[in-house]
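The lines below spell out each chain.
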Amino acid sequence: MRATGIVRRIDDLGRIVIPKEIRRTLRIRESDPLEIYTDREGEIILKKYSPIGEMGNFAKKYAESLAQVSGMIAVIADRDQFIAVAGGNRSLLGQALSEILEDKLDARETVMAGRADHNFVVIEKNASADYEEEIICPILCEGDVIGAVILLGSADKEGMSETERKLVQTAAAFLGGQLEQ
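Residues numbered from 1 in each chain as written. Predicted model: local features only at pLDDT ≥ 70, side-chain atom pairs only at ≥ 80, totals over all residues. Heavy atoms only, no water.

J.: Help me understand the overall build of the protein in this model?
T.: Helix and strand counts for the protein stand at 4 helices and 7 strands. Put simply, the protein runs from its N terminus to its C terminus through helices and strands in the order α-β-β-α-β-β-α-β-β-β-α. A separation of at least 24 residues holds for 46% of the contacts in the protein among residues at least 6 apart in sequence. Taken as a whole, the protein presents about 11200 Å² of accessible surface, with 49% of it coming from carbon and sulfur. Side-chain charges in the protein split into 23 positive and 31 negative, and the spacing between the mean points of these groups amounts to 4 Å. (Helix = DSSP H or I, 4+ residues; strand = E, 2+ residues; numbered from the N terminus. Contact = heavy atoms within 4.5 Å. Areas by Shrake-Rupley, 256 points an atom, 1.4 Å probe, with all protein chains shown as cover. Lys, Arg positive; Asp, Glu negative; His and termini not counted. Charge placed at Lys NZ, Arg CZ, Asp CG, Glu CD.)

J.: Is there a simple way to explain the sheet that holds strand S4 (residues 82–86) in this structure?
T.: Note on sheets: strands pair through backbone hydrogen bonds, and any given pair is parallel or antiparallel. Strand order in the open sheet formed by 5 strands is S4-S3-S7-S6-S5, and the pairing between neighbours is antiparallel. Edge positions in the open sheet fall to S4 and strand S5 (111–114), since each of these has one partner strand only. Within the sheet, the average angular offset between the axes of one strand and its neighbour, ignoring direction, is 15°. By the bridge criterion, 4 bridges tie S5 to strand S6 (residues 133–141) in an arrangement that is antiparallel. When the bridges of S6 are listed, Ala113 appears paired with Glu134. Most of the contacts of helix H3 (residues 99–106) go to strand S7 (residues 144–153), to which it runs at about 120°, and overall it touches S4, S5, S6 and S7. (Pairing = 2+ DSSP bridges. Axes fitted to C-alpha atoms, helices over the stretch in contact; angles between N-to-C directions.)

J.: Is there a simple way to explain the side chain of Ser98 in this structure?
T.: You can see Ser98 is positioned in the loop between S4 and H3. Look at Ser98 and you get buried, because its relative accessible area is 7%. For Ser98, the residues in contact, after removing those within four places along its chain, are Val121, Val122, Ile123, Glu124 and Lys125. (Buried < 20%, exposed > 50% of the residue type's maximum accessible area, 1.4 Å probe, protein only.)

J.: Would you explain the packing of aromatic side chains in this entry?
T.: Geometry of an aromatic ring pair is reported as the spacing of the ring centres plus the angle between the planes. Within the structure shown, the criterion is met by 4 aromatic pairs. Consider the rings of Phe58 and Phe174, whose centres lie 6.0 Å apart with planes at 35°: the pair is tilted. Pair noted here: Phe58 is in helix H2 (residues 56–70) and Phe174 is in helix H4 (residues 162–180), with a separation of 116 residues, a long-range link. Given the relative accessible area of 34%, Phe58 is considered partly exposed. Under the relative-accessibility criterion, Phe174 is labelled partly exposed at 34%. Pairwise contacts between aromatic rings join Phe58, Tyr62 and Phe174 into one cluster. (Phe/Tyr/Trp six-rings, centres within 6.5 Å; stacked < 30°, edge-to-face > 60°.)

J.: I'm lost on H3 in this one. Help?
T.: Owing to its 3.6 residues per turn, the α-helix brings residues three or four apart onto one side. The set of residues buried in H3 consists of Leu101, Glu102, Lys104 and Leu105. What you see down the axis of H3 is that its buried residues fit within an arc of 160°, all on one side. Exposed side of H3, more than 90 degrees from the buried face: Glu99 and Asp103 are the residues found there. In this fold, the buried residues of H3 make contact with S4, S5, S6 and S7. Remark: Arg108 follows H3 within two positions and exhibits a positive phi of approximately 60°. (Arc of directions from axis to C-beta.)

J.: Just checking my understanding: could you explain the pattern of salt bridges for this structure?
T.: In total, this model carries 7 salt bridges according to the counting rule given. In this structure, Arg79 and Asp106 form a salt bridge, with 2.4 Å as the shortest nitrogen-oxygen distance. Taken as a pair, Arg79 in the loop between strand S3 (73–78) and S4 and Asp106 in helix H3 lie far apart in primary sequence, 27 residues in all. Two residues, Arg115 and Glu132, come together in a salt bridge whose shortest N-O distance is 3.5 Å. In this pair, Arg115 sits in the loop between S5 and S6 while Glu132 sits in the loop between S5 and S6, placing the two residues 17 residues apart along the sequence. Each member of the salt-bridge network shares a partner with another, and the members are Arg29, Asp80 and Glu102. (Salt bridge = Lys/Arg side-chain N within 4 Å of Asp/Glu carboxyl O.)

Written out as structure tokens, the structure reads:
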């Protein structure tokens, strides 16, 4: 564990403020859920909670099915990183989402674009986009955006159509529905 040198007091309601620098570094936003753990030495551990991350194996299998059906790269993300990749280069796995993608998710936008389009989004933070087309659909659970389903196409594949867009939207709705149960 790393010491920050920051000391905070608990208020009369039992609350403590997580410093802005730490929230920014760990990408903790207002209303983000946190899990609370304790260990044997009396330490309290806060961990950012990802409901879709809890479905890791399920998300991986779902991404594999999407990739197989579409013949494209299928990616499933939570709010911070890519948790499942299938059908192509797995280097995205564990990578952070780009700020532009985060903004699109916050706006609850479904994006269908080619590289030449003005609304094309480089999805990963370390922009190394090796895809030519994309469909991005936010996953909603109980009214909150908890992640995204993304389909990526390359130049050598047939272009994306309304069918692929519906496929991605259906996948996002299904995953969101699974988490509401």
